[in-house]
Structure formats: C-alpha cells, structure tokens
Amino acid sequence: MISRYDFSLKFNSGAVVKEIPFSTAKVPYFAVKKAEEIQFSLQMSNNCKIYGLGENVRGINKRGHLYISNNTDDPTITEDRVSLYASHNFLIINNVKEMFGLFFDTPNKVKYDLGYSDIDEINISSPLGFELYVIEGKSELDIIKQFRELIGKSYLPPYYSFGVGQSRWGYSCKDDILRIINDYEKLDMPLDLIYMDIDCLDNFKDFTLNETFGNPKQFVDEVKSHNIYLVPIVDAALKVDDSYPVYTEGKKLGHYAFGKDGNPYVVGVWPGDSVLPDFFNEEASKWFASKYQFYLDIGITSFWNDMNEPVLFYTKDRVQSMLNLAADSRGKNLPLTEYHKVLNGFAGLQNNEDDYNYFFHHFNGEVVSHKYLHNYYSYYMVKETSNYLKENSGDEGFLLFSRSSCIGSHRYSGIWTGDNASWWEHLLLNFKMMPSLNMCGYLYSGADLGGFGKNSTEDLVLRWLAFGLFSPLLRNHSSCGTKLQEFCYLKRKDVFRNLLKIRYALMPYIYHSFVSARENNSLLFTPLNFVYKNDENVNEIEDELLFGDSLILAPIFQQNTNKRYVYLPENCMQITMKSDTDISCSKVEKGHHIINVNLDEVTFFLLEGHSIPLTKNAKNINDVKSKEINFINNEDKSLFKEIFVPKGKSFELKKVELK
Ligand code: GLC
C-alpha cells in the first residue's frame, strides 16, 4: 500500500507515473518536526537495516552514515562522500517490527542521517518542499515492486548495448579508433562498442566530430563493417562560439539558462566558456534533442550524456570577482585570513553551490531559480533526448546512458556510476551498488571497468572483468594520463579473450534476467537476505548477490588471493568457466565454503532446480542471437521453459525445449 503526503512540493519533478491521492493522516512511524527544515526522526532497533539510495558510497545496508541527495561532480569517491552524481531518494527501513519504504519526490536536497549523528537514530530532512510516499509491504521485494510500479518501467536498451565496450578519455582521432578495432581484431578478442570521448569532438563542441574523421559517414560505415557501434559523448553544456551554429541557434531561440540580466549564464566546462541548455523548458530540451540528428544521419545511434549535474568548473561572474579580489591584494602584506580568502576563493570556483542561486530556467511557464530544480536537470535532458531517439533512431533502437540521474530518468536512459578509481575497493563498491541502483529503477548500469582514475593493474582488470561479465553495461573506461588498461594491451591476452567470450555465452541468461527484472519490477542483483528470510547466515552478507532468479555470484574482491569464503543458502551447482566452451560443474552443498577462483576463470552457483541457458562460439554480440541455446541444469526441473529473447528493438518470450 502506498500513501502520499504533501509537504509543499513547489515543482512537480516528473518522477512518478501513478496518481495517488494525498493522505490527510499523520505520517506513520516518524516524529515529524516542522522547523526551518522538515525533519523526520525515528529510533532504530539494534537490528534495523536500511536499503536503497541508489548511487552512493558504502554498503548495501546504508545504516551508519550520512547521505545527501545533491547531484555533484566530485571524482574523489571515498567512503566519506555524502553525495555522488545522482539523487535516488528511495529507501527501505527494516526496523524489525516494522518495515516500509520511503520515497522523497523532490528536485531539492534531502539529507539522510542514518545513525551518523546519533548511532540509534534516523533523521531525514529537506529544506524545501517535497512529496513523501510511504510504501508498506510484506517484504523488501514487495516494497520495491510497488515503488517501481509507482515510478514506471525501466529503460530498455538495445540488445547490442550488452556487448563489450572499450573507452578511454584520450582517443582523439580516426586513427585512434581504427587502431583499437585492429588491435582487438588481430587478437580475435570480442569488441562491440567503442566510445568517443571529448577529444573526438571539434574543440569539445557537442554534435561534431573533429576534422581527422574526414567524411564522418564514410568513417562510421567503415567502423560498422567491423560490426562495431560508435558511442560519442554528449555533454550538457555548449561552447560559447559565434561560429558554432548549435550555439548561435540556441541563443537566438533563448534556449539557455539565464542570469538575472536575462542573458545566457556563462559557466566553464571542457570548452571553456559554455552555456547550459534550459532543459526544464520543454521547447529547449526538444530543440537540444533534435541536434542528435547530426549523429543519426551518419548512422550513430548510441550516446553517453556527461557533465549534466550540471558541472560548473567556474561561473564567469565568480571568476571575475575572484580576479578582482586578487588584483586588490596585489603588493599587499596580507594577514593569513585575507590570504586564505584569496586561496580558498579560487579553490571554491568549481561547482560552487552558491552559483545555483544566480541562474534561472523556464519551467511550466514560470521563471525558476536553478537551486529549486537542481537534481532534475539531467532528467529533462535525457527525457527529451530519449523521446527523440525513440522516434528517429531506426530498427535497432538506441543506447543512451547518463552520468547524472534521479528517479524518473530510469525510464529514459541507463547510467554509469561516474569517475571511480582503479582501486580494489571500487570493484567491491561497484558490486554493492548494483542492487541499490536496481531498487531505484536503474537496471542498465555499470561502473568504469578497471577503474577510471589512477593506474590499474592487470590482476584488478581481470577480477573486475570476472564481475563485469554480469554487468548490463560492460565498459572498460579510463582517464587520460593513466596506464593503458584496454584488454587488448594487457599481457594475458588469451585469458582476456576467453573471459570476454563468456559474456556472449551468458547473454541468453543475462538478457532474459534483465528483461524479467524490467517486466516484473524486480531486481537483477538481489541481496541474499531479501530472499532467504529464514536463514540467519545470510543476514549480513554483502559480497554475494543473487543474479537473476537462478545464480549466486561471489567474485574475488582482493588482490593476491584466489580464495574466498562463500555461504550458500541452498544446495547449488558450482559452474566454473574458463571460456565459452571450457566449463566445469560440481555439486556444492548448502553451507560454508572456501572456494578457489583463479585469475583466468569465472565461477558462480546455480540453484537447485534451476537451469542456465548458454551459447557458444558467438563472434560478436549480434551473433549470439543466431546461436543455439543449450542449458546446464541443476536437476531437471527447470524454470526456463520460456525465455525472453531479443526481437527487433524489443523482446519476445520464446518457448525453448530443454535437452
Ligand atoms: C568526465 C567523465 C569521464 C570522461 C571525462 C572526459 O570526467 O565522467 O567519463 O572521460 O569527463 O569527457
């Protein structure tokens, strides 16, 4: 049951798809205080557990930390971070005697103090208006299902987007892209998508390719002849440049966020001075979306949206006032407090929240300050982009995923989880974040495999791939200036080739499970304790997950070990794959185990009475579709009498015979 409470949300966010009448009753479970902020507080029992909040640091159980919904570009993702790139305001509180879900529907900040200031207390507050949904149900999965029905079905990406993706910030010309294709091909290593980061653009201008690409259509055709899809980046901000037609057209149409003087508000992003499309204005976001036609015309249908929190490396006004302050200080003997004003002032130019007060949008016929709408900026970007691509991208559908997100945009695009680092702990964070993202509607998601920032090591990439093989978005991406981590440039080429082929082998199961999770509003990655309710052993397990209905995943997250502890809540079959054809199976009993997983293999557990469909010898992601499906059965009672398979840009349920 869902109840909706009115706390003066000023602007409808667009998050929900069902109209629920407001309740006039008191909000249950919480003591509610209306001071400067509206505050909800609740005493936690010793065993209280909290789930949800989508993209955030720390564990699956969110108890014991502070989280603030405030879409932020901060690439230092350490455990003390309170805000990442997204605001996913859904959480489940299991306070032993009572369990319920909460959704704070708002584009504004929400602060979740979950036993951080007071170890026994939850305090949730928001400074501006919101609507609160309280969802009551018989289990976590029931609450999630109701919530997901409330917010609408998740984005369905095209089949090819489950292929293997290679990316790197630094590929900058036609030859870079062709070289990658060639280097993968000569090793017979799977590759389906290549990402084109900002250096592939003409001076960081959206909807362009730089001159090295010559005739872009010819280039795209050449890449396609290798069965590779190109995925250019589209940043939110547009370069201020009078010779850039997209910029001048948008300016003429008044489609940019504007300052107090009514002029386009100038901020700094990769091209330097830039303007922010006024995505809250439907006409402006539709106009921006229509610019994707440049890529559609040359045969590109896949995109990643970046810098859409939005990032403000600086605002022109603040730079000016800092330059003035510095000029005033010239030649003076500054007391340290004054000196720090200058120093911190320059350091505070980037993503200064105060700047949200100084620019405005057109929203539903009103002029609204960015500060009231911040967390939904990217929502309106991906919404209209997605609508446009749906209409215009042709037979295969389109791929769209974004860095910034909120609840609602899960209907229009996927996400990646931003600028992680090549740290073992970020592999574990990737794993733990997946169920939380799924709870909030994000099914097509993934992290930068191998780590974005810092130098990766080959064993980390191998272990990350062993988990990444199950991630709907499988993309090896790294920052400029870091050590090469492309699968084709690492030493154990045979191992990488074999592991990548396992992705194709698993695709029937991955795709079926993905579509089932979407259609049933359930999770693709499920914590064990959501399912095995009567087994105390699973209560705190956060390094194993159910994947789909039939598998348990338990990857290795540490360097220099092939061993790990696994608890199995039921009898399973352990399946170990070294390639798409080298597969061994053995029965493992319910209970505690130490398993051994070498760097050149992937292992997982098939539940009793279940089957997993597999293919072999596929050459690329589309080739999987034509391959025969075989099953490994753990006992002969199988759930897989019908599986979801791709059909055109959508899917169908296909009856399969078990052999
Ligand atoms: C941002 C993105 C990253 C991208 C870089 C350059 O940091 O998060 O993925 O490579 O910008 O475009």
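For clarity, every value in this text was computed on a predicted model and none was experimentally measured. Every residue gets a number counted from 1 within its own chain, in the order that chain's sequence is written. Where local features are concerned, this predicted model is filtered to residues with pLDDT of at least 70; where side-chain atom pairs are given and counted, the filter is 80 or more; whole-chain, interface and lining totals use all residues. Excluded from the side-chain calculation are hydrogens and water; included are all heavy atoms of the structure.

**Re the overall build of the chain**
Here is step 1 of the chain: Working definition: helices are DSSP H or I runs of at least four residues, strands are E runs of at least two. Numbering for both runs from the N terminus. Assigned secondary structure in the chain consists of 13 helices and 39 strands.
Here is step 2 of the chain: Note on method: radius of gyration uses C-alpha positions; expected globular size equals 2.2 Å times residues raised to 0.38. Scaling as 2.2 N^0.38, a compact globule of 659 residues should have a C-alpha radius of gyration of about 26 Å, and the chain matches this with 25 Å.
Here is step 3 of the chain: Expressed along its principal axes, the backbone C-alpha trace of the chain runs to roughly 75 × 65 × 50 Å.
Here is step 4 of the chain: Here the term buried applies to any residue with accessible area under 20% of the maximum for its type, exposed to any over 50%, and partly exposed to those in between, with areas from a 1.4 Å probe on protein chains only. In the chain, buried positions account for 62% of the 659 residues.
Here is step 5 of the chain: Of the contacts formed within the chain by residues at least 6 apart in sequence, a portion of 72% connects residues at least 24 apart.
Here is step 6 of the chain: Approximately 25,200 Å² of the chain is accessible, and the part contributed by carbon and sulfur atoms is 47%.
Here is step 7 of the chain: Looking at the chain, you have 70 positive and 85 negative side-chain charges, and the mean spots of the two groups are 1 Å apart. The contact criterion used throughout is that any non-hydrogen atoms of two residues lie within 4.5 Å. With residues, only the protein chains shown are counted as cover, and all accessible areas are computed by Shrake-Rupley using a 1.4 Å probe. Residues counted as positive are Lys and Arg, residues counted as negative are Asp and Glu, and His and the chain ends are not counted. Each charge is placed at NZ for Lys, CZ for Arg, CG for Asp and CD for Glu.

**A word on the packing of helix α11 (residues 458–468) against helix α12 (residues 493–519)**
Here is step 1 of the chain: All axes here are fitted lines through C-alpha atoms, helices being fitted over the stretch that makes contact, and every angle between N-to-C directions spans 0 to 180 degrees. One way to put it is that α11 packs onto α12 with a least axis distance of 10 Å and a crossing angle of 15 degrees. By the angle between their axes, α11 is roughly parallel relative to α12. Here α11 runs over α12; the crossing is left-handed. Listed contacts from α12 to E458, V461, L462, L465 and G468 of α11 are V495, F496, L499, L500 and R503.
Here is step 2 of the chain: Residues are sorted three ways: Asp, Glu, Lys and Arg are charged, Ala, Val, Leu, Ile, Met, Phe, Trp, Tyr, Cys and Pro are nonpolar, and all the rest, Gly among them, are polar. In terms of residue class, the contact of α11 with α12 is made up of seven nonpolar, one polar and two charged. Should an angle lie under 35 degrees it is considered roughly parallel, over 145 roughly antiparallel, and from 65 to 115 roughly perpendicular; all remaining angles are considered oblique. Here is the rule for handedness: rotate from the far helix to the near one, and if that takes an anticlockwise turn smaller than a right angle the crossing is left-handed, while a clockwise turn gives right-handed.

**Brief notes about the packing of aromatic side chains**
Centre-to-centre distance and the angle between the planes together describe a pair of aromatic rings.
Here is step 1 of the chain: Side-chain rings of Phe, Tyr and Trp (the six-membered ring for Trp) are treated as a pair once their centres are within 6.5 Å; stacked means planes under 30 degrees apart, edge-to-face means over 60, and tilted covers the remaining angles. Scanning the model with the defined rule gives 60 aromatic pairs in all.
Here is step 2 of the chain: Over the face of the ring belonging to F22 we find R4, whose NZ or CZ atom lies 4.0 Å from the ring centre.
Here is step 3 of the chain: A cation over an aromatic ring shows up here: K10 above the ring of Y372, its NZ or CZ 4.5 Å from the ring centre. Two conditions define a charge sitting above a ring: the NZ of Lys or the CZ of Arg must be within 6 Å of the ring centre, and it must be within 35 degrees of the ring normal.

**Remarks on the site of the ligand**
Here is step 1 of the chain: Contacts to the ligand come from W169, D197, I198, I233, W270, W304, D306, R403, W416, D419, F452 and H477.
Here is step 2 of the chain: Within the contact set of the ligand, an oxygen atom lies 3.1 Å away from a side-chain nitrogen or oxygen of D306.
Here is step 3 of the chain: Polar contacts, as counted here, are pairs of nitrogen or oxygen atoms within 3.5 Å of one another; within protein the pair requires one atom able to donate a hydrogen and one able to accept it, and residues that are adjacent in sequence qualify only if both atoms are side-chain atoms. Within the side chain of R403, an N or O atom sits 2.9 Å from an oxygen atom of the ligand.
Here is step 4 of the chain: Bound to the protein, the ligand loses 98% of the 310 Å² it would expose on its own. Here, proximity means that at least one heavy atom of the residue falls within 4 Å of the molecule or strand.

**Section: the pattern of salt bridges**
Here is step 1 of the chain: By salt bridge we mean one thing: a side-chain nitrogen of Lys or Arg within 4 Å of a carboxyl oxygen of Asp or Glu. Scanning the model with the defined rule gives 37 salt bridges in all.
Here is step 2 of the chain: The residue K153 makes a salt bridge to E519 at a minimum N-O spacing of 2.9 Å. Here K153 is found in the loop between α1 (140–151) and β12 (164–166), whereas its partner E519 is found in helix α12, with 366 residues between them in sequence.
Here is step 3 of the chain: Salt bridges sharing common partners tie together D73, D306, E309, R403 and D419.

**What to know about the sheet that holds strand β14 (residues 229–235)**
Here is step 1 of the chain: Reading across the sheet, the nine strands line up as β25-β24-β22-β18-β14-β13-β12-β27-β26 and stay open at both edges, with parallel pairing between neighbours. Strands at the two margins of the open sheet, each flanked by one partner only, are β25 (445–446) and β26 (448–449).
Here is step 2 of the chain: Sheet topology places strand β13 (residues 193–196) next to β14; four bridges connect them, and they run parallel. Note on β14: the bridge partner recorded for M196 is P232.
Here is step 3 of the chain: Running over the sheet, helix α2 (residues 174–186) touches β12, β13 and β14 and is turned about 155 degrees from β13. Criterion used throughout: strands pair if DSSP finds at least two bridges between them.

**Details of the pairing of strand β8 (residues 99–105)**
Regular strands have side chains that alternate between both faces of the sheet.
Here is step 1 of the chain: Along β8, seven of the seven residues are buried, which leaves the element largely enclosed by surrounding structure.
Here is step 2 of the chain: Burial along β8 is two-sided: the face carrying M99, G101, F103 and D105 and the face carrying F100, L102 and F104 are both buried.
Here is step 3 of the chain: Bridge count for strand β7 (residues 90–94) against β8 is five bridges, and the pairing is antiparallel. Bridging from a neighbouring strand, L91 pairs with L102 of β8.
Here is step 4 of the chain: With six bridges connecting them, β8 and strand β11 (residues 130–136) associate as antiparallel partners. Within β11, the position partnered with D105 by the bridge is E131.

Function cannot be inferred from these measures alone, as they are strictly geometric.
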